[in-house]
Amino acid sequence: MSIQLTVNKKKMSLDIDPNTPLLWALRDNMSLKGTKYGCGIAQCGACTVWVNGEATRSCVLPISAVANADITTIEGLSDHGDHPVQVAWDELDVPQCGYCQAGQIMTAASLLKKKPNPSKTEIVDGMSGNICRCGTYHRIQEAVKLASEIASKKKTKSTVKKSA
Amino acid sequence: MKSTRRSFIQKTALFSGAFCLGFDWFQANGKEVSMVQTTMDSGRFNAFLAIDPSGKIILYSPNPEIGQGIKTAFPVVVAEELDVDWKDVEVRQANLDTQNFERQLTGGSGALKHSWERLRKAGATARKMFIQAAAQTWNVDASTCKTSKGFVLGPKGQKASYGSLVAIASKLPVPTEVTYKNRKDYQIIGKRTKGVDNKSVVTGKPVFGLDIEKPGMVIAQIIRPPFGATLKSFDAADALKMPGIVDVVSFKNKVAIVGKSTWEVMKARATVSCKYDSGDFDSDSTHQKWFDEGMKTDKATVQRKDGDFAAALARSAKVVEATYECPFISHSPMEPMNFFADVRSDGTVLLAGPTQVPQSAQKAVASLLKIDEKKVEVELSKMGGGFGRRLNNDFALDAAELSSIIKKPVKVMWTREDDMGGGIYRPAARYHFKAGLDASGNMIAFYLRGVGINAGNATRQDNFPVGAIENVLVESVNQVSAVSTGPWRAPITNFLGYAEQAFLDEVAEAGGKDPVQMRLDWLARVKSNPVGKITYEPDRFIEVIKQAAEKSNWKKKPGIHQGFSVYFSHLSYVAQVADAQMVDGKAKITHVTAVTDCGEVVNLSGAENQIKGAIIDGMGHALFAKLRFNDGVASPTNFNGYRLIKGNEIPTINAYFVDNGIEPTGLGEPALPPTGGSIANALYAATKKRLYKQPFEV
């Protein structure tokens, strides 16, 4: 039985074991390697993707549970790698090894969707479910703040443009 | 040292018509630079610096990148001396080439120290040749020309890009004498340079080992035995019937499940049962017994002896004694171990994946398969962390052996449980210290015995304050276990540093001395009248200590409990002051001040990342990390039981660097060893409770 879902705006049809975790379906069946395996038990956050816009751990989520859902992975976060979170991550030189960062970025972008101007505490709490073994936490927190500023400037700009 | 570089360079090229400077970052005698005539060559890119006629500059970075930032730092040095705009530089990862490289590895925080001079020379030589090419074109004296951001500027306002000078420059003889930039003119070195892989990381490009896909590749997971156990039998009948399963095979007490996809392999693996022999395998109680025995034995190895410790202790007015202990811990890089191997029927082998030591992988696999090393090619991937774990090529050997058995290209993937349960741990150790103080509280006798399990010499016998103390005895005992161990970020010193710095805090307290002043007094002694061999530079120690005391407002912050530590490792010096505060009745580390002397800071952004990362790493493991053993099996094996520090548990950190322009030394490790000590001492200041065991919180 095939499972239909939309991944990064593309309609997909997969004929695989319905228990396959979304993580492995993405990596092995759809060749989307940006989403990472870290623990397999939803403890580290490296596998974070969006399911219908919500940041979700894909390593414990069976593909059958996301039938007809809309999935966004790091590859689909922006068309040109220019989502404010991606820009901020580069600008503040967040990554060390980089392995956890896709999950961090998907978590951060989701946090900013809900709270466009998060407080320091909201940032720290919102990001603390994602482990970074290299210890890039300070810059992660600073980059979320910067991303919120970039996004709000963008918004102001586009509003001005429209009204002009 | 062999020098095949010249012949190699002549046959190597990057682009038709490009200017290529071949230089060697690795050979001990490789400080010279030679030039390459270029022809199109599709194959092996190892000339490090190439400039094509459009002005694009390509640098090959040979050292494995594990997050320490070497892939950015190396090219920064070349680009600085070449005098080009950083945005015109493209950096690519070189694969293993043992013919032309030495020290193509990541470990020991040694890359920059080793290659600094070579990198500068390569950049400066190319720059000089472009100046000469321009001078020749304009018919002016080369001394009247300057460079700026990839252009040569002539005396009468002439301007030519390096790209436009490629054809002429590539025909010039390579100068033997070059001058380097004055460091006050640096444009890139010492500034903040972003990681060259940032863009691919933030967009999820498949750059890591686990992302490797090769034609015809199958996926495998391996069930490994308890430490010390022998596989008696296994039952894979059910697994073999499951969809997507290609084979289940056994080698060296391991059982490999091979299939077409990760999930199919995982599902099938869960149905495989293995039977092992029974025996007296390691448990925590075994290790405690070995520590006790190691502390009592009269067969310890003497690592250092200055004066007469026993006599000095006997005449001491006061004796301080303490025992510190650390457990086995896992490296747990976020990307678990994995490796790709294709052992082909034609006798060649392709290895690909994350290893800190590709040449060792090549050698080990060649030896395993009894073939010539030249037949083993190694491609390097980016690594999702290493922390020393990828210095051991057990994962590469497993992949190669499995590929040779199943006769297929295979990627062996370790689950988190495999990774955490599969060995090569930071060795467990126990340390016993004794200090004898005279009537004025001065330490006149110092003793350390380190008992490690598979730790080799668990001490570092020349560590400060050795050199300042008249009577010293340092001994080690190594207990051998089936639990495998290996280097873990700042090997041995990752815990020894904590134990030493915490013990010295006890010594200061017992002698009624300030921990900072006590160390400064010792260093004054080292300068005027050293005892025995000295491996550190006292003045550099003094500088980081003074700066850390000043920048942290040492003991001048009301309501803040401070702890001090300072450490010399990997040729760098780091002093730390940790601040603790009582929050809801509990002591909490709120801030760390770190002053580092690593010589010239090549990339300030990367350097800060390493210092802060190492402090967070050191603190997290000091607080939380511990593996337990029961009958040869380690636990916990995942992050639900094995706690890593999170973003809401970190202190603020101020990282400062001593600005002395000395040639750069290591930075991936040196900030870790002093961390456990500074925070243990701060927590003591807050609670009056000494912390003798890692982890502080169980």
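Each chain carries its own residue numbering, running from 1 in the direction its sequence is written. Chain letters and ligand numbers both follow the written order, the letters beginning at A and the numbers at 1. With the structure being a predicted model, the display of local features is reserved for residues of pLDDT at least 70 and the display and counting of side-chain atom pairs for 80 or more, all residues being used for whole-chain, interface and lining totals.

**Examining helix α13 (residues 493-511) of chain B**
In an α-helix, one turn spans 3.6 residues, which is why side chains three or four residues apart end up on the same side. Heads up, the rule is: Strands here are runs of E lasting at least two residues and helices are runs of H or I lasting at least four, both read from the DSSP assignment and numbered beginning at the N terminus. Take the residue count of a helix, subtract one, and multiply by 1.5 Å to get its expected span.
Along its 19 residues, α13 of chain B runs 25 Å from first to last C-alpha, staying within 8% of the 27 Å computed at 1.5 Å per residue. Immediately downstream of α13 of chain B, the backbone of glycine 512 of chain B shows phi near 70°, a positive value.

**A word on the packing of helix α10 (residues 358-369) of chain B against helix α11 (residues 394-406) of chain B**
Residues and elements named next belong to chain B. This is how the line gets drawn: A fitted line through C-alpha atoms represents every axis, and for helices the fit uses only the stretch in contact; the resulting angles, taken between N-to-C directions, go from 0 to 180 degrees. Put simply, a crossing is left-handed when the front helix is turned counterclockwise from the back one by less than a right angle, and right-handed when it is turned clockwise. The contact rule is simple: place each C-beta atom from the backbone, and if two of them lie within 7 Å, those residues are in contact. The classification used treats Ala, Val, Leu, Ile, Met, Phe, Trp, Tyr, Cys and Pro as nonpolar, Asp, Glu, Lys and Arg as charged, and all other residues, Gly among them, as polar.
Taken N-terminus to C-terminus, the directions of α10 and α11 make an angle of 35°; their axes are 10 Å apart at the nearest point. Judged by the twist between their axes, the crossing of α10 over α11 is right-handed. Note on element contacts: α11 touches α10 through Ala396, Leu397, Ala400, Glu401 and Ser404, opposite Ala361, Ala364, Val365, Leu368 and Leu369. Among the residues forming the contact of α10 with α11, the class breakdown is eight nonpolar, one polar and one charged.

**What to know about the domain arrangement of chain B**
Residue and element names in this part refer to chain B. The cut-off we apply is this: An automatic or database domain assignment supplies the start and end points of every domain.
Taken domain by domain, chain B comprises domain 1 (5-198), domain 2 (209-278 + 337-413) and domain 3 (300-328 + 425-687). Contacts between the two partners involve 20 residues from domain 1 and, on the opposite side, 21 residues from domain 3. Going through the elements one at a time, α2 (70-82) and α3 (111-138) are the ones with two or more residues in the side of domain 1 that touches domain 3. Per-element tally for the side of domain 1 that touches domain 3: the top contributor is α2, with four residues.

**Digging into the interface of chain B and chain A**
In many reports, interface size means the accessible area that the parts give up when they come together. Chain B puts 44 residues into the contact, and the matching count from chain A is 45 residues. Those elements that provide at least two residues to the side of chain B that touches chain A are α5 (198-202), α7 (262-269) and α16 (604-624) of chain B. Per-class residue counts for the side of chain B that touches chain A are 15 nonpolar, 18 polar and eleven charged.

**A look at the environment of lysine 646 of chain B**
All names here are of chain B. Note the cut-off: The burial criterion counts other C-beta atoms lying within 10 Å of a residue's C-beta, which is placed from the backbone; the residue is buried at 20 or more, exposed at 12 or fewer, and partly exposed between these limits.
Among the secondary structure elements, lysine 646 is positioned in the loop between β27 (633-635) and β28 (652-657). For lysine 646, a count of 20 C-beta atoms within 10 Å puts it in the buried group. With 26 residues separating them along the chain, lysine 646 and glycine 620 place their C-alpha atoms 8.2 Å apart.

**Considerations on the sheet that holds strand β8 (residues 159-161) of chain B**
All names here are of chain B. What counts here: Here, a strand pair is defined by DSSP locating no fewer than two bridges between the strands.
Across the sheet, which stays open at both edges, the three strands sit in the order β6-β7-β8 with antiparallel pairing between neighbours. Taken across any chain shown, the strands that pair with only one partner, and hence form the sheet edges, are β6 (146-148) and β8. Pairs of neighbouring strands in the sheet enclose a mean axial angle of 30°, with direction left out of account.

**Some points on the confidence of the model for chain B**
Residues and elements named next belong to chain B. Rules: Confidence of the predictor at the level of single residues is given by pLDDT, which spans 0 to 100.
In the predicted model, chain B carries a mean pLDDT of 91, and 92% of its residues have values of at least 70. Counted against residues more than four places away or in other chains, residues 1-16, with its pLDDT under 50, gives 45 contacts. Across the assembled chains, the prediction reports ipTM 0.96 with pTM 0.94.

**As for the domain arrangement of chain A**
Residue and element names in this part refer to chain A. Under the domain assignment, chain A is made up of domain 1 (3-76) and domain 2 (84-155). Distance between the C-alpha centres of domain 1 and domain 2: 21 Å. On the side of domain 2, eleven residues touch domain 1, which itself brings 14 residues to the contact. Of all the secondary structure elements, the ones that give two or more residues to the side of domain 1 that touches domain 2 are β3 (48-51) and β4 (54-57). Of all the elements, β3 adds the most residues to the side of domain 1 that touches domain 2, at three residues. Tallied by class, the residues present in the side of domain 1 that touches domain 2 amount to seven nonpolar, five polar and two charged.

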